[in-house]
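Here is how the chains run, residue by residue.
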Amino acid sequence: MQNPYMSPIEKAWFYLHRTLSGLTLLFLVLPVLVIIPLSFNESSFLVYPLTGFSMRWYHDFFTSAEWMRSLKNSLIVAPSATVLAMVFGTLAAVGLTRTEFRGKALLMSLLISPMVVPVVIVGVAGYLFFAPLGMDASYFTLILMHAALGVPFVVITVTATLQGFNHNLVRAAASLGASPLRSFFKVTLPLIAPGVISGALFAFGTSFDEVVVTIFIAGPEQATLPRAMFSGIRENLSPTIAAAATLLIAFSVVMLLTLEWLRGRGERLRTSPAKA
Amino acid sequence: MMASSAPMPDHQLTTQDGVPLKTKLARAERMNKMKSLALVLPLALFLLLTFIVPIGSLLFRSVDNPEVVASLPHTIKAISSWDGKSLPPEPVYRAFAADLVKAHEDQTLGDLGKRLNMEVAGYRSLLGKTARALPFDPAPASYKDALVKLDERWGDPAYWQAIRRNSTNHTPFYLLAALDHRIDEVGEVAKATPDQAIYLDVFARTFWMSAIVTVICLLLAYPLAYLLANLPTRKSNLLMIMVLLPFWTSVLVRVAAWIVLLQSGGLINSALMALGITDHPLQLVFNRTGVYIAMVHILMPFMILPIYSVMKGISPTYLRAAVSLGSHPFGAFWKVYFPQTVAGVGAGGLLVFILSIGYYITPALLGSPNDQMVSYFVAFYTNTTINWGMATALGGLLLAATLVLYMVYSWLVGASRLRLG
């Protein structure tokens, strides 16, 4: 970008732009990183400078019945919601891309709307609807609602992947005698797998980070990890929360790297059509 | 000579079984469409049950008005013939006394009192006092006199008008209240009294705060997206991870991190004091500043990604061409480059604004009572005071605002083009 013919003003702009962008990136990343050292600090106050290394907050986290229950709940709810969102979302995305029909754009907007409707409204509506049926404070309802929130991500990513999908492959499979089910599992699914998996990761992330609907729908028995963090932050921001936060950050890094790897793979597949 | 004028017997193409090809094709096409729809159907039904029907019943609850009709059935029948000006006639009082005894027995008095107290302050205690004195023994000659003697407020038409206003199962009361209006004594829509008129301010605050967050996000995201779009892929991918890491980190982790950073003994204040910018810790959190900082942090990736993806598709040759034709680089940027990015700016801006107006967690944990947005009041009326009418009316209006913006978004950008990661 920089060339030797720049005027001093252009040079100044160049460095100003670089500095501003750099500061913005630091603004985005530093807050996430700043909490990590505090979780290993022996002091019970969340302030710098650090006073000494200690694992006691992790010990606290892993021995607290409440934190462990919330972790267990998150590990029950998020995968179940992800599977539901993945199955429903993938089917719908396949249906939406294989033909043109009237009202398709409207239908698409409707299927994606859980992403933009304020979560408080989803939570209150869910409570108003499910509580009279005696279905509040249950894993089942919580999983259903989390799946509804995750579905748009699967629809979006799978639809995007299917845009580059050659539908003649399905026709070829059919003409060779494969049943629709067989051609889906043997031809379509392997090719759109990166899209399905990244959609699933988004759905998982949505459920794993969801707190508002959980506040309204779940009872104390179903409190998830973010729900426990919410109460924790509200009552007393302790280093145990920093430990929980660090574990969640480590988890997000794994998710992010998986996603980047999938995207790289998808791009390689798409840019070498001869081999595909 | 039978060329074109003669009727052509069955010149259409047919399939082997004699059906016209056109019909057959149309049928196949229709079958195909049905199959597509059948694939979408499970998700549509799923969302209908978990999402659309619950939200529909929420909207219905905002006009639902069951308390008076359920508890005072005879009173509202008798009160329908009342002119609403002077005091109601004797039969209304008699029916009311009977209904109140029944309501006391059925324990529906609490809901009724709560509802009527919203109309006239003090109604709840008046009902309690009256119900405890009932039934009159022996039955009085005039229930009217007896009730007025028990409490002179029963001689005030305002208390009876409150009942008459609520003699139907539906009411605009909550929706009007959410817009700082009410139905006055003569049945006209009027402005709410100043102590009740708080919600328009809350809506204005919600939109204002969302607009500020959107503008700050745009100002920070645009230069960064430009950098990311114009760096070599290897470098830009590395920097992109710095954008995506916070995006993938739990919102609660980020809120906790900002409290740690911004608190009075936190890193930011220490740094400011070390640099001599201030000599006492600034209040940066549990106020509007903290909410803005955290919301911008959480929402900025939603601004960066759409702008980045639009910029990625812009060829650098346009800008070079403009400069080589004698344009000043800044002029070229503004006239040639920027207009090509407007689509991304619009998409990102709308998305950030739509998401902002529904924010609850961040203001609730990082703001003061004066920084709460509409969502907070929806949650407050649901969890704390259990006022379904107000919760659902505020929620319904917030939903309407969101859906209008979402429709604009779908129309301008296309819902399926929401960009993620």
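Each value, and the rule that gives it
- Residues numbered from 1 in each chain as written.
- Chains lettered and ligands numbered in written order.
- Predicted model: local features only at pLDDT ≥ 70, side-chain atom pairs only at ≥ 80, totals over all residues.
- UniProt positions renumbered as here; feature names shortened; annotations may be inferred.
- Helix = DSSP H or I, 4+ residues; strand = E, 2+ residues; numbered from the N terminus.
- Rg over C-alpha atoms; globule rule 2.2 N^0.38 Å.
- Buried ≥ 20, exposed ≤ 12 C-beta atoms within 10 Å, placed from the backbone.
- Contact = placed C-beta atoms within 7 Å.
- Axes fitted to C-alpha atoms, helices over the stretch in contact; angles between N-to-C directions.
- Parallel < 35°, antiparallel > 145°, perpendicular 65-115°, else oblique.
- Left-handed = near helix turned anticlockwise from the far one by under 90°.
- Nonpolar A, V, L, I, M, F, W, Y, C, P; charged D, E, K, R; others polar.
- Core = buried A, V, L, I, M, F, W, Y, C linked by C-beta atoms within 7 Å.
- Domains from an automatic or database assignment.
- pLDDT = per-residue confidence, 0-100.

- Where an unreviewed UniProt entry is consulted, chain B appears under the name ABC transporter permease, with the organism given as Crenobacter oryzisoli.
- Word for word, the UniProt comment on chain B under Sequence similarities (unreviewed entry) is "Belongs to the binding-protein-dependent transport system permease family. CysTW subfamily."
- Of the comments in the UniProt record for chain B, the one headed Subcellular location (unreviewed entry) reads "Cell membrane".

- In the annotation of an unreviewed UniProt entry, chain A is listed under the name ABC transporter permease and assigned to Crenobacter oryzisoli.
- Database annotation for chain A, UniProt heading Sequence similarities (unreviewed entry): "Belongs to the binding-protein-dependent transport system permease family."

**Things to note about the overall build of chain B**
- When helices and strands are counted, chain B shows 19 helices and 2 strands.
- Computed over its C-alpha atoms, the radius of gyration of chain B comes to 33 Å, more than 25% above the 22 Å expected for a compact globule of 421 residues.
- With the C-alpha coordinates of chain B rotated into their principal frame, the extents come out at 105 × 100 × 40 Å.
- A buried classification covers 38% of the 421 residues belonging to chain B.
- Partitioning the intrachain contacts of chain B with sequence separation of at least 6 by distance along the chain shows that 67% fall at a separation of at least 24.

**Notes on the overall build of chain A**
- Each helix and strand counted, chain A has 11 helices and 0 strands in total.
- Each helix and strand of chain A, placed in order from N terminus to C terminus, yields the pattern α-α-α-α-α-α-α-α-α-α-α.
- Here chain A has a C-alpha radius of gyration of 24 Å; the compact-globule value for 276 residues is 19 Å, and the former is much larger.
- Across its three principal directions, the C-alpha atoms of chain A cover 75 × 70 × 30 Å.
- When burial is assessed residue by residue, chain A has 45% of its 276 residues classed as buried.
- Taking the intrachain contacts of chain A between residues at least 6 apart in sequence as the baseline, contacts between residues at least 24 apart amount to 77%.

**Looking at the packing of helix 3 (residues 65-98) of chain A against helix 8 (residues 180-208) of chain A**
Residue and element names in this part refer to chain A.
- With their axes 8 Å apart at the nearest point, helix 3 and helix 8 run at an angle of 140 degrees to one another. As judged from the angle between their axes, helix 3 and helix 8 are oblique. Considering the relative orientation of helix 3 and helix 8, their crossing is right-handed. Touching Ser74, Val77, Ala78, Ala81, Thr82, Ala85, Met86, Gly89, Thr90 and Val94 of helix 3 are Thr188, Val196, Gly199, Ala200, Ala203, Phe204, Ser207 and Phe208, all from helix 8.
- Partitioning the contact of helix 3 with helix 8 into residue classes produces 11 nonpolar, 7 polar and no charged.

**Focus: the nonpolar core**
- If you look at the biggest cluster of nonpolar residues, it comprises 164 residues, and the most contacted ones within it are Ile121 of chain A together with Val255, Ala256, Leu299 and Val378 of chain B.
- The dominant element in this core, judged by the number of residues it contributes, is helix 14 (residues 288-312) of chain B, at 15 residues.
- Leave out the neighbours within four places in its chain, and Ala256 of chain B touches Ile35, Ile233, Leu237, Ile241 and Ala245 of chain A.

**A short note on the environment of Thr168 of chain B**
Residue and element names in this part refer to chain B.
- Position of Thr168 among the secondary structure elements: in the loop between helix 8 (157-165) and helix 9 (173-178).
- Sequence-wise, Thr168 and Val69 are 99 residues apart; in three dimensions their C-alpha atoms are separated by 6.4 Å.
- The contact partners of Thr168, leaving out residues within four places of it in the chain, are Asn65 and Val69.

**Some thoughts on the UniProt feature "domain: ABC transmembrane type-1" (unreviewed entry) in chain A**
- According to UniProt, the "domain: ABC transmembrane type-1" (unreviewed entry) feature falls on residues 71-259 of chain A.
- In the segment residues 71-259 of chain A, helix accounts for 79% and strand for 0%; the C-alpha atoms at its two ends are 23 Å apart.

**Considering the UniProt feature "transmembrane region" (unreviewed entry) in chain A**
- According to UniProt, the feature "transmembrane region" (unreviewed entry) maps to residues 20-40, 75-94, 106-131, 137-162, 183-204 and 241-262 of chain A in the numbering used here.
- The span residues 20-40 of chain A carries 95% helix and 0% strand; its end-to-end C-alpha distance comes to 32 Å.

**Some details on the UniProt feature "transmembrane region" (unreviewed entry) in chain B**
All names here are of chain B.
- This chain's UniProt record puts "transmembrane region" (unreviewed entry) on residues 37-60, 207-229, 238-261, 291-311, 342-366 and 386-409.
- In this annotation, residues 37-60 is assigned 100% helix and 0% strand; the end-to-end C-alpha distance for the span is 29 Å.
- The distance separating the terminal C-alpha atoms of residues 238-261 is 25 Å; by composition the span is 92% helix and 0% strand.

**Thoughts on the interface of chain B and chain A**
- Counting residues at the interface gives 71 residues for chain B, matched by 75 residues for chain A.
- Each residue belonging to the side of chain B that touches chain A can be placed in one class, and the counts come to 50 nonpolar, 18 polar and 3 charged.

**What about unusual backbone geometry?**
Residue and element names in this part refer to chain B.
- The residue Asp180 is not glycine, and still its phi comes out positive at about 60 degrees.
- Summarising the element assignment, Asp180 is placed in the loop between helix 9 and strand 1 (181-183).
- A count of 18 C-beta atoms within 10 Å places Asp180 in the partly exposed class.
- In the Ramachandran plot, Phe286 falls in the positive-phi region, its phi being about 65 degrees despite a non-glycine side chain.
- Looking at where Phe286 falls in the secondary structure, it is placed in the loop between helix 13 (267-274) and helix 14.

**A word on the UniProt feature "domain: ABC transmembrane type-1" (unreviewed entry) in chain B**
- If you check UniProt for "domain: ABC transmembrane type-1" (unreviewed entry), the listed places come out as residues 203-409 of chain B in our numbering.
- Between the end C-alpha atoms of residues 203-409 of chain B the distance is 21 Å, and the span holds 79% helix and 0% strand.

**What about the domain arrangement of chain B?**
- If you check the domain split of chain B, you get domain 1 (67-170) and domain 2 (199-417).
- Each of domain 1 of chain B and domain 2 of chain B has a C-alpha centre, and these two points are 52 Å apart.

**A closer look at the environment of Leu175 of chain B**
Residue and element names in this part refer to chain B.
- Within the element layout of this structure, Leu175 appears in helix 9.
- Separated by 112 residues in sequence, Leu175 and Val63 have C-alpha atoms that sit 7.3 Å apart.
- Each residue touching Leu175, except ones within four places of it in the same chain, is listed here: Ser62, Val63 and Ala393.

**Let's talk about the confidence of the model for chain A**
- Residue-level pLDDT values for chain A average 89, and 95% of them are 70 or greater.
- Taken as a whole, residues 272-276 of chain A scores under 50 in pLDDT and shows 1 contact with residues more than four places along the chain or in a different chain.

**Points about the packing of helix 12 (residues 251-262) of chain B against helix 14 of chain B**
All names here are of chain B.
- Axis separation between helix 12 and helix 14 bottoms out at 10 Å; the angle between their running directions is 140 degrees. Looking at the two axes, helix 12 sits oblique to helix 14. Handedness of the crossing formed by helix 12 with helix 14: right-handed. The segment helix 12 lies against helix 14, with Val251, Arg254, Val255, Trp258 and Leu262 engaging Gly290, Ile293, Ala294, His297 and Ile298.
- For the contact of helix 12 with helix 14, the class distribution of residues is 7 nonpolar, 2 polar and 1 charged.

**Here's the deal with the confidence of the model for chain B**
- Mean pLDDT over chain B stands at 87; residues scoring 70 or higher make up 95%.
- Interface predicted TM-score (ipTM) for the complex: 0.89; the corresponding pTM is 0.88.

**Some remarks on the environment of Val202 of chain B**
- For Val202 of chain B, the position within the fold is in helix 10 (residues 199-230).
- Between the alpha carbons of Val202 of chain B and Gln372 of chain B there is a distance of 7.7 Å; along the sequence they are 170 residues apart.

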